[in-house]
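# An overview of the molecular structure
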Amino acid sequence: MNIKPFAVEEWMNAWETGARYNIAETCVNSLSVDELFELTGEDQEAFLREFCSKRLTYGQIEGHPGFKEGVCGLYRSIKPEHVIPLHGASGANHHVFYSLVNPGERVISIMPAYQQLYSIPESLHADVKILKLKKENDYLPDLDELESLAMPGTKLICINNPNNPTGALMSREMLLRIADIARKADAFVLCDEVYRHLSQEDGWCDSMADLYEKGISVSSMSKVFSLAGLRLGWIACRDKDVIRQCLSHRDYNLISCGMFDEALSDAALRHSGKLLERSRGIVRENLAVLDAWVQKEGHISYVKPKAGTTALLFYDLDIPSYEFCSQMYQNTGAFVTPGDCFEEPGCMRIGYACSRQELEQGLAAVSEYILMKTKRNIRSGNL
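Calculation criteria
- Residues numbered from 1 in each chain as written.
- Predicted model: local features only at pLDDT ≥ 70, side-chain atom pairs only at ≥ 80, totals over all residues.
- Heavy atoms only, no water.
- Pairing = 2+ DSSP bridges.
- Helix = DSSP H or I, 4+ residues; strand = E, 2+ residues; numbered from the N terminus.
- Axes fitted to C-alpha atoms, helices over the stretch in contact; angles between N-to-C directions.
- Contact = heavy atoms within 4.5 Å.
- Right-handed = clockwise from strand over helix to strand, strands pointing away.
- Patch = residues over 30% accessible without salt bridge, like charges linked within 9 Å, V, L, I, M, F, W, Y side chains within 5 Å.
- Areas by Shrake-Rupley, 256 points an atom, 1.4 Å probe, with all protein chains shown as cover.
- Salt bridge = Lys/Arg side-chain N within 4 Å of Asp/Glu carboxyl O.
- Parallel < 35°, antiparallel > 145°, perpendicular 65-115°, else oblique.
- Left-handed = near helix turned anticlockwise from the far one by under 90°.
- Nonpolar A, V, L, I, M, F, W, Y, C, P; charged D, E, K, R; others polar.
- Disulfide = S-S within 2.5 Å.
- Buried < 20%, exposed > 50% of the residue type's maximum accessible area, 1.4 Å probe, protein only.
- Arc of directions from axis to C-beta.
- Phe/Tyr/Trp six-rings, centres within 6.5 Å; stacked < 30°, edge-to-face > 60°.
- Lys, Arg positive; Asp, Glu negative; His and termini not counted.
- 1 Å grid on protein atoms, 1.4 Å probe; cavity = no way out; pocket = protein on both sides within 12 Å on 5 of 7 lines; lining within 4 Å.
- Points joined across faces, edges and corners; volume = space filled by probe spheres on them.

What follows is about the sheet that holds strand E2 (residues 83–86). On the basis of which strands lie adjacent, the open sheet formed by 7 strands has the order E2-E8-E7-E6-E5-E3-E4 and mixed pairing. The sheet is open, and its two edges are formed by E2 and strand E4 (127–132), each paired on a single side. Direction aside, the axes of adjacent strands within the sheet are offset by 20° on average. Pairing between strand E6 (residues 188–192) and strand E7 (residues 215–220): 4 bridges, direction parallel. Each residue of the ladder has a partner; that of Asp-192, found in E7, is Val-218. The strands touched by helix H4 (residues 65–72) within the sheet are E2 and strand E8 (233–237), with E2 carrying the most contacts at an inclination of about 115°.

On to the sheet that holds strand E9 (residues 300–301). By way of backbone hydrogen bonds, the strands of a sheet pair with one another, either parallel or antiparallel. Reading across from one edge, E9-E10-E13-E12 is the order of the 4 strands in this open sheet, with antiparallel pairing throughout. The two strands at the open ends of the sheet, each matched to only one other strand, are E9 and strand E12 (337–338). Where strand E10 (residues 310–315) meets strand E13 (residues 347–351), 5 bridges bridge the pair, whose relative direction is antiparallel. Bridged to Phe-314 within E13 is Cys-347. Set on the sheet, helix H12 (residues 272–296) makes contact with E9, E10 and E13; between it and E10 the angle comes to about 10°.

What follows concerns the side chain of Thr-40. Relative to the assigned elements, Thr-40 resides in helix H2 (residues 33–40). Beyond its immediate chain neighbours, meaning those up to four positions away, Thr-40 contacts His-271 and Lys-274.

On to the pairing of E4. Of the pairings in the sheet, the one linking strand E3 (residues 106–111) to E4 comprises 6 bridges and is parallel in character. Bridging across to E4, Arg-106 finds its partner in Asp-127. At this point the chain moves from E3, through helix H6 (residues 116–123), to the parallel E4, and the crossover so formed is right-handed.

In this section: a nonpolar patch on the surface. Side chains of Tyr-58, Ile-61 and Ile-255 sit close together on the surface and give an oily, nonpolar patch of about 280 Å² of accessible area. Checked against the element boundaries, Tyr-58 lands in the loop between helix H3 (44–52) and H4.

Okay, the packing of H4 against helix H11 (residues 259–269) next. Running from N to C, H4 and H11 point in directions that differ by 40°, and their axes come no closer than 8 Å. Taken together, the axis directions place H4 and H11 in an arrangement best described as oblique. For the pair H4 and H11, the sense of crossing is left-handed. In this structure, H4 contributes Gly-66, Phe-67, Gly-70 and Val-71 to the contact, and H11 contributes Glu-262, Ser-265, Asp-266 and Leu-269. Classifying every residue of the contact of H4 with H11 gives 3 nonpolar, 3 polar and 2 charged.

Scanning the entire structure with this criterion turns up 0 disulfides. With no disulfide partner, Cys-191 has as its closest neighbouring cysteine sulfur the one in Cys-158, 9.9 Å distant. For Cys-191, a relative accessible area of 1% puts it in the buried group. Free of any disulfide, Cys-347 has its nearest neighbouring cysteine sulfur in Cys-325, separated by 8.5 Å.

All of the buried residues along helix H1 (residues 7–15) are Ala-7, Val-8, Trp-11 and Met-12. All buried residues of H1 lie within an arc of 130° about the axis, which places them on one face of the element. Facing away from the buried side of H1 by more than 90 degrees, the exposed set consists of Asn-13 and Ala-14.

Moving on to the packing of aromatic side chains. Scanning all chains against the criterion turns up 13 aromatic pairs. Both rings, one in Trp-15 and one in Tyr-329, keep their centres 4.8 Å apart while their planes meet at 75°; by these two values the pair is edge-to-face. Residue Trp-15 is located in helix H1, and its partner Tyr-329 is located in helix H13 (residues 321–332); the two are separated by 314 residues in the primary sequence. Each ring, one from Phe-47 and one from Phe-51, has its centre 6.4 Å from the other, and the planes form 10°; the classification is stacked. Of this pair, Phe-47 and Phe-51 both sit in helix H3, 4 residues apart, roughly one helical turn. Each member of the pair Phe-47 and Phe-51 is classed as buried.

Right, let's talk about the side chain of Lys-68 for a bit. Within the element layout of this structure, Lys-68 appears in helix H4. Buried charge without a salt bridge: Lys-68, with Glu-62 as the nearest opposite-charge side chain at an N-O distance of 4.8 Å. The contact partners of Lys-68, leaving out residues within four places of it in the chain, are Glu-62, Gly-63, Pro-80, Val-83 and Pro-85.

Right, let's get into the pairing of E10. Of all the 6 residues making up E10, 6 are buried; the element is thus mostly covered by neighbouring parts of the structure. Burial of E10 is two-sided: the residues Thr-310, Leu-312 and Phe-314 facing one way and the residues Ala-311, Leu-313 and Tyr-315 facing the other way are all buried. Relative to E10, E9 runs antiparallel, the two sharing 2 bridges. In the strand pairing of E10, Ile-300 is matched with Tyr-315.

Here we come to the layout of surface pockets. The computed volume of the largest pocket comes to approximately 540 Å³. Along its surface, the largest pocket is lined by 26 residues, and Glu-9, Thr-26, Tyr-114, Lys-223 and Arg-231 are the ones closest to its centre. Contributing elements (two or more residues each) for the lining of the largest pocket: H1 and helix H5 (88–100). Classifying every residue of the lining of the largest pocket by side-chain character gives 8 nonpolar, 11 polar and 7 charged. By volume, the second largest pocket amounts to about 340 Å³. Lining the second largest pocket are 21 residues, and of these Leu-169, Ser-199, Glu-201, Trp-204 and Cys-205 lie nearest its centre.

Structural data, given as structure tokens:
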């Protein structure tokens with residue numbers, strides 16, 4: 001299978017380890033196992049004693065019952081039989097395409113978004129149509145354009161809500177209209193929802209799996225719940241044929257998820273409210289920090305995120321984003337992601353859900369680099 005290099009992941013792999021200020025990370029500030037048990041109030045000794053007595057078999061092939069019940073608590077209509085555990089949300093996204101999409105079938109994907117949503121179906125020789133999200137529309141999809149692309153027989157419409165990298169958030173009304181468009185075309189809707197519930201305003205965050213009978217929700221324990229090291233995600237879908245096909249294909253490439261991953265996730269999701277409260281507190285406080293910095297940093301502009309952990313920051317310097325980000329890293333230790341990883345030039349993606357101290361220090365380093373570049377440009381007559 002030929003597939004394009006995964007730009008954002010290759011960038012993260014190459015640069016993340018040595019960063020002084022990692023403001024590229026997209027997970028909410030990660031938890032240790034000790035911190036998880038302290039936050040939830042679960043009995044850590046009892047958990048470990050019980051788990052350590054188990055034989056390390058394949059475990060529950062279709063998923064730990066407690067974990068699946070915990071996932072159901074994040075939706076309004078999803079039942080345990082609608083949940084398939086997989087290896088992170090990245091594994092879940094890949095599995096949907098692998099299980100459902102055949103060569104020549106139409107797949108509509110938004111851009112910018114996580115590259116899986118368009119590069120994997122392209123590699124499967126699907127008829128991929130790109131719906132470009134525009135800055136002037138606050139990075140929300142043009143639904144008239146979507147309707148024109150969604151010809152009868154379209155197999156899959158792929159969206160990301162909240163959006164990575166922009167932080168745009170589709171309303172319930174917009175999701176319902178997307179469902180109507182998909183219904184007319186008899187298409188599935190795959191919604192990557194790994195940042196769902198991380199809104200800047202209080203209220204329920206709707207899922208496509210609840211709103212549309214052929215909606216497929218993908219999420220994980222990584223971003224919202226700060227437990228990326230567990231590498232555990234899931235597909236949630238009420239369509240019996242999707243579940244059947246995904247389970248059938250899962251026998252070939254997974255069999256089951258890790259016993260420890262599912263057991264610890266079960267313990268975490270029994271207290272999902274506490275974890276969500278922590279995560280929302282971090283993203284709301286830190287977005288206020290980011291917004292104040294953007295307002296005073298004259299060379300930076302952005303569309304303020306409505307949800308999630310990421311934002312695209314546009315700069316007014318005449319320098320490609322890969323060069324901008326690599327030079328800044330080498331000069332200051334500030335680590336961000338080039339916008340060109342998402343085919344968005346002249347900008348960088350920032351992850352603002354780290355610790356407040358790291359965010360403030362990282363933003364100060366970005367300002368330091370911008371000041372250095374502008375002084376050089378003034379001396380050379382380029383500004």
